[in-house]
Amino acid sequence: MLNNKGRPTQPTTQSEPDVSIDTFTGNKGLELESPLIFEQGVPGRVGVDMADPEPVKSRLGGLERKGPIGLPDLSEPQVLRHFVRLSRQNYAIDAGFYPLGSCTMKHNPRINEKVARLAGLGDLHPMQPTSTVQGALELINSLAHWLKTITGMPAVAMSPAAGAHGELCGVMAIRAAHEAKGESRTRILVPESAHGTNPATAALCGYKVDSVPARKDGRMDMDAFAEKLGPDVAGVMLTNPNTCGLFETDVKKIADMVHEVGGYFYCDGANLNAILGRVRPGDLGVDAMHINLHKTFSTPHGGGGPGAGPVVLSDALAPFAPIPFVTHGENGFDLVEQKSGAAAQSFGRMKGYHGQMGMFIRALAYMQSHGADGLRQIAEDAVLNANYIRVGLQDKLNSPFSGICMHEALFDDSTLKGTGVTTLDLAKAMIDEGYHPMTMYFPLVVHGAMLIEPTESESRQTLDQFIGAMRHLLDKATAGETEYFLSAPLFAPRRRLDETGAARNPVLRWVSPEATDNEDASLSAAS
Amino acid sequence: MSYKFTEDHEWVLLEGDVATIGISDYAQGQLGDVVYVEVPTVGDEIAKGDELAVVESVKAASEVYSPVSGEIIDVNTELEGAPTMVNEDAMEGGWFAKIRVTNSADLDDLMDEATYKTFVEGLDE
Amino acid sequence: MRYMPHTPNEREEMLAKIGIGSIDDLFTDIPEEARLGGLLDLPLHESEMVVEKNFRKLAAKNLSPYSVPCFLGAGAYQHHVPSVADHIIQRSEFLTSYTPYQPEISQGTLQALFEFQTQVALITGMEVANASMYDGATSCAEAVLMACRVTRRKKAVISGNLHPHYRDVTHTTLQFTEFETIDLPPAVTVEERFDDYINSDIACVVVQNPDFFGRLDDLTALADKCHDAGALLVVVVNEVVSLGAVKSPGEMGADIVAGEGQSIGVPLSFGGPYVGLLATRQKFVRQMPGRLCGQTVDQNGKRGFVLTLSTREQHIRREKATSNICTNAGLCSLAFTIHMSLLGESGLTKLASLNHSQAVILAEKLEELEGVELLNTSFFNEFTIRLPMNATTAIEKLGEKGILGGVPVSRLIPDDPDMANLLLVAATETCTTSDMDEFVAALKEVL
């Protein structure tokens, strides 16, 4: 069909072109490449207008920089276009299903972004007199109240900057508590299915990590645990629900047993989403637990941060909480910033200033939006969705542990055995279907693990389509279409990347071509 | 003078009182593409069972434990620039360190080549 | 609830498909006595409109420093953040993506990280930088741990003019390790002497430049002394705009630079989230903490980027990792990269020059006040003055006049009578001549 200007209005039927052909620009329609920012500069371009400095006598003490820095000069539209183009090479929860197990990729409401940017909240200086930031301190205090109520714990340390930082806070409080009693304990028990941050944190606190194996049903082996307990055990670090997506049914017994030998119970709260409003960790004997605000309370992951990891504490550990913290008295809110008075036993300061305020604002907005009723609904829908996926795939994939799961469904790779297709290959084929792959090869205790966490944000239609796509791919794999998987992904901005090459010969920064000619010798000599 | 093996897949070649240590061809195959080898420092004393080296692939780091006690007298610095040697020539060019052995009895409980071969075959089943 | 799609009907159908009768059947693994029967003692859900109102009320109880003359610094600086930076970091693809573990669909984040690492390396004069830490203070602590690993030594010498939060975080981080610090006292007006402390037991010396009191020092000789003793020099920079004007730490011989990147692209946000910088020499890269992005090629030979050298990290190395860090400051590092791209060479140089000239003008005005003494012989955009009265009292009185007149040193170094009258004053491109005049006039009245 041609319109009256002689232009075709319908695609004409032709033979399929080869999709792998390269275009002149390297772009493919809406898939737009952008060279490195350093390859786009023209000296003298300006991206920020500002006043000319008044001529003054330098007070830099003779420390003036002499040579150039090497940054490129660009205009504002160039920079904007560059980063817009880059953004379009990213997958995102806003764009599609992101079932990354143990990462809780849920909807990130935009009201949270809006209120975090309000004048008087987002632009406060941390060293303003406390009389000028009463609203900010009230906000921190209010978030602390929500966190304590949700977890049923009496105290909370707000300053840790992320989950692993929260673990450090919790284990330091444990060590400080033992030392205050004049005890020097040496071991921390950690289940072998734990996140790598657990043993790394325990090691940084000077503890020897003693690994506890899992039982056949995916929970911690209670016999092995009992055997390893002793007067030299400082505590146990247990993720609950655990990394296999299961609730540790013996959790109260674990708490009692570790308390009996004088140790403390650290709970990794990475998976709190599954139990919001259904059970409070404080009722399970927990002494310390970090809360990833960027998981459970939807502060955006931002491509890998920033996070926030407040730590709720039992009465036994509360005196050792890090500084600073907010207090409330007759003259309103105040900050305890030094290790004295109310903070005499504090184990110290963990980061500059008062914590991840920007994340606090977003998390509190999220909690207020949900309320007590919505929080409980989160856990219910998250667990419902995970079980819906588990059942939807159970005849195609093997669950290493039977029965109801919590917020995530775990499968092993036994279906793929003998197909020549690995969990990784399957994941790359999922990319072509428009999904972000699930968490793979974690927990380490399951062969070729696939950990799928749908969260409460997903509709039944999304889940049905996902289940359909997975079944389709698994059928393809077992039907011997190995080549399809080995070549995936075909439709992503990049094909599979050479990670071995990247690690053998690390190129961690751009170097200007001129510098490469002149300084190559010096840079490689340094390595 | 012949190769001896540990159950952790290290090999030892004793010449006089100097033991050369590496990992077996089977081990390099299991590790996949080696991207880096962290070798010990010459002059350090090492005890049997201590960490001698770390072999890294993209997604894993494996510790290599010393099968003997003694002083580190030489390390394979070429591995820094060419970690692929561990994959390509595990039993010779891919050696990690040479140790002046304090007690040659350390080698007594190690496997000879034939026993190790049987041991590895057992693992693959 | 607007964020959750299921209708009651759909929930019923899904339960049936799973083969259970009720939602409660999903939670039977929880010990019965601990299960919550009713709702938590918290308010019920609210509409977006109500939530927004709640936060506006809280905001109204604070004094926005952008609405008044503001001279606050002490490690966090008020700068103008270009609107492009805040716009881009709110794009869904950057805001709502996870750590780029699947490089084929994360090239946006990865390329931006590669650009970030390059920018940080360039401004600090170092060979390589990582993909960011939580903030400057934690970066400083990690730098000390790293120096101990590199040198296989156990003691770090800490300058008395290091930001007290950085020193405290370093203490906290090291307290249960085999490593220890030797802490020098603050040296406000005299030159700090390290010679007596540098020997073959020392892993590193940690100094800040400009230091906590705003002073600039040439660290070249100190670097040489460290190197002669086999120790490393760790240089902390918490006002990165200064690097547009002053000699870089790399040029002076630094081995590790630990920095706070907040000044570029990141809002003040009451102290966090910020972006920690960590840069070093290529030969130390395997001892570096945190994520690293590296360049490589894909199957078709196209340039691409991946997270690399991850065998250093906790998810692989577990208790033997270089650090327990997992999350970094992703989005803040992106804001930094965008702002730095907008500035470029000429912009960063000009911004630095503008900051310095504003500070010089303000210092000259303050010096003219009777009883006020400028303690710095050199400075960039922040300096220390001694008042003829308690600085905290002065600040409170200035606050009543709607002026945020600086940070009393005693807030960070308490219980030291020598510090009671000292005030840190910062001037950036955001303060105008009339801001300065208002401040000087108000201070004159207060004194």
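These lines cover the structure that appears in this document, whether it is placed above or below. These numbers were taken from a predicted model, which means no experiment stands behind them. (Residues numbered from 1 in each chain as written. Chains lettered and ligands numbered in written order. Predicted model: local features only at pLDDT ≥ 70, side-chain atom pairs only at ≥ 80, totals over all residues. Heavy atoms only, no water.)

We now examine the interface of chain A and chain C. Contacts between chain A and chain C engage 207 residues on the former and 196 residues on the latter. Buried area between chain A and chain C, summed over both chains or domains, comes out near 17600 Å², and the portion from carbon and sulfur atoms is 63%. It is Arg59(A), Leu63(A) and Leu508(A) in chain A that bury the most area against chain C; as a group they hold 5% of the surface buried on that side. Run the count over chain A and chain C and you get 15 salt bridges. Across the salt bridge formed by Arg117(A) and Asp86(C), the nearest N and O atoms sit 2.9 Å from each other. The interface formed by chain A and chain C contains 99 residue pairs in polar contact (both at pLDDT 80 or more). Residue contributions to the side of chain A that touches chain C peak at 28 residues, all from helix α8 (residues 357–393) of chain A. (Contact = heavy atoms within 4.5 Å. Buried area = accessible area lost by both parts, 1.4 Å probe. Salt bridge = Lys/Arg side-chain N within 4 Å of Asp/Glu carboxyl O. Polar contact = N/O pair within 3.5 Å; in protein donor to acceptor, adjacent residues only side chain to side chain. Helix = DSSP H or I, 4+ residues; strand = E, 2+ residues; numbered from the N terminus.)

As a further point, take the environment of Tyr91(A). Residue position: Tyr91(A) is located in the loop between α1 (76–87) and α2 (110–116). Exposure remark for Tyr91(A): the relative accessible area of 12% places this residue in the buried category. C-alpha separation for the pair Tyr91(A) and Lys57(A), spaced 34 residues apart in sequence, amounts to 51 Å. Once you skip the residues sitting within four places of it in the chain, Tyr91(A) turns out to touch Gly96(A), Phe97(A), Tyr98(A), Gly434(A), Tyr435(A), His436(A), Glu93(C), Ser97(C) and Ile105(C). (Buried < 20%, exposed > 50% of the residue type's maximum accessible area, 1.4 Å probe, protein only.)

Enumeration over the complete set of coordinates arrives at 52 salt bridges over all chains. With a closest N to O distance of 2.8 Å, Glu113(A) and Arg117(A) form a salt bridge. Through salt bridges with shared partners, a single network forms among Glu113(A), Arg117(A), Arg362(A) and Asp86(C).

If you look at the interface, chain A gives 5 residues, while chain B gives 9 residues. With both chains or domains summed, chain A and chain B bury close to 530 Å², and 53% of this area falls on carbon and sulfur atoms. Among the residues chain A hides against chain B, the three largest losses belong to Glu499(A), Thr500(A) and Arg504(A). Together they make up 81% of the total. Where chain A meets chain B, there are 0 salt bridges. In this assembly, chain A and chain B are joined by 2 residue pairs in polar contact (both at pLDDT 80 or more). For the side of chain A that touches chain B, the class distribution of residues is 1 nonpolar, 2 polar and 2 charged. (Nonpolar A, V, L, I, M, F, W, Y, C, P; charged D, E, K, R; others polar.)

Before going further, it helps to examine empty space enclosed by the protein. For the structure on display, the rule yields 8 cavities of 30 Å³ or more. Lining the largest cavity are 14 residues, and of these His165(A), Leu168(A), Thr138(C), Glu142(C) and Thr173(C) lie nearest its centre. If you list the elements that add at least two residues to the lining of the largest cavity, you get α4 (163–180) of chain A together with α6 (136–151) and α7 (164–174) of chain C. Its residues assigned to classes, the lining of the largest cavity shows 8 nonpolar, 5 polar and 1 charged. Mapped onto the lining of the second largest cavity, the elements with two or more residues apiece are α5 (107–124) and α10 (330–367) of chain C. Among the elements that make up the lining of the second largest cavity, the one with the highest residue count is α10(C) (5 residues). Looking at the lining of the second largest cavity, its residues break down into 6 nonpolar, 6 polar and no charged. (1 Å grid on protein atoms, 1.4 Å probe; cavity = no way out; pocket = protein on both sides within 12 Å on 5 of 7 lines; lining within 4 Å. Points joined across faces, edges and corners; volume = space filled by probe spheres on them.)

Structural measurements only, silent on function.
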